[in-house]
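Residues per chain, in single letters:
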Amino acid sequence: EVQLVESGGGLVQAGGSLRLSCAASGFTFADFTIGWFRQAPGKEREAVSCISTTDFSFDYIASVKGRFTIARDNAKNTVYLRMSSLKPEDTAVYYCAANSGLCSGHLGVYNYWGQGTQVTVSS
């Protein structure tokens, strides 16, 4: 019943833009903090950005500050990650996750996870 479904990934040239979406259902979306994570081949999953129930946001990776913007629309049960000036090192599977507590970069505190969407940036 609980679902988080990512979409919007794809193949883009360096310098391009994408907007990822995370559609939620089966729980009280407005009461949950939502995080975006990414995992590149052979690497650990890492936190990218988080948005709280009060629209506070935090970026966990220095290289994405000023390029990535997280936003939520509670009426649509959807969180977005707008990505611009994409670089090859942004290539990864991107996941959204829901947390009943505060913004955190630790995977273990998140209750629900989506299946991921692939982002590939070519040079």
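Structure report, in brief. (Residues numbered from 1 in each chain as written. Predicted model: local features only at pLDDT ≥ 70, side-chain atom pairs only at ≥ 80, totals over all residues. Heavy atoms only, no water.)

Considering the overall build of the protein
To keep it simple, the criterion reads: For helices the rule is a DSSP run of H or I covering at least 4 residues; for strands it is a run of E covering at least 2, with both sets numbered from the N terminus onward. Here the globule rule is a power law, 2.2 Å times the number of residues to the power 0.38, and the radius of gyration is based on C-alpha atoms. We call two residues contacting when some pair of their heavy atoms lies within 4.5 Å. To be clear on the numbers: accessible area is Shrake-Rupley with a 1.4 Å probe, and residue cover counts the displayed protein chains and nothing else.
Tallying secondary structure elements over the protein gives zero helices and 11 strands in all. Along the protein, helices (α) and strands (β) appear in the sequence β-β-β-β-β-β-β-β-β-β-β when read from the amino end. For 123 residues, the compact-globule estimate of 2.2 N^0.38 gives 14 Å, and the protein sits close to it at 13 Å. The principal-axis extent of the C-alpha atoms belonging to the protein is close to 40 × 25 × 25 Å. Summarising the internal contacts of the protein: among those between residues at least 6 apart in sequence, 58% fall at separations of at least 24. Roughly 6100 Å² of accessible area belongs to the protein as shown, and the carbon and sulfur atoms make up 49% of that amount.

Observations regarding the pairing of strand 4 (residues 33-39)
Note the threshold: The buried label goes to any residue with under 20% of its type's maximum accessible area, the exposed label to any with over 50%, and the partly exposed label to all in between, with areas taken from a 1.4 Å probe on protein chains only. When DSSP finds two or more bridges between two strands, those strands count as paired.
Of all seven residues in strand 4, six are buried; the element is thus mostly enclosed. Note: strand 4 against strand 9 (residues 92-99), seven bridges, orientation antiparallel. Following the sheet pairing, T33 is matched in strand 9 by N99. Of the pairings in the sheet, the one linking strand 4 to strand 5 (residues 46-51) comprises five bridges and is antiparallel in character. If you follow R38 over to strand 5, its bridge partner there is E46. In this structure, the hairpin formed by strand 4 and strand 5 is closed by a connection of six residues, where G42 is found at a positive phi of approximately 75°.

Comments concerning the environment of A75
Considering the arrangement of structural elements, one finds A75 in the loop between strand 7 (68-73) and strand 8 (78-83). Taking the C-alpha atoms as reference, A75 lies 34 Å from P88; in sequence the two are 13 residues apart.

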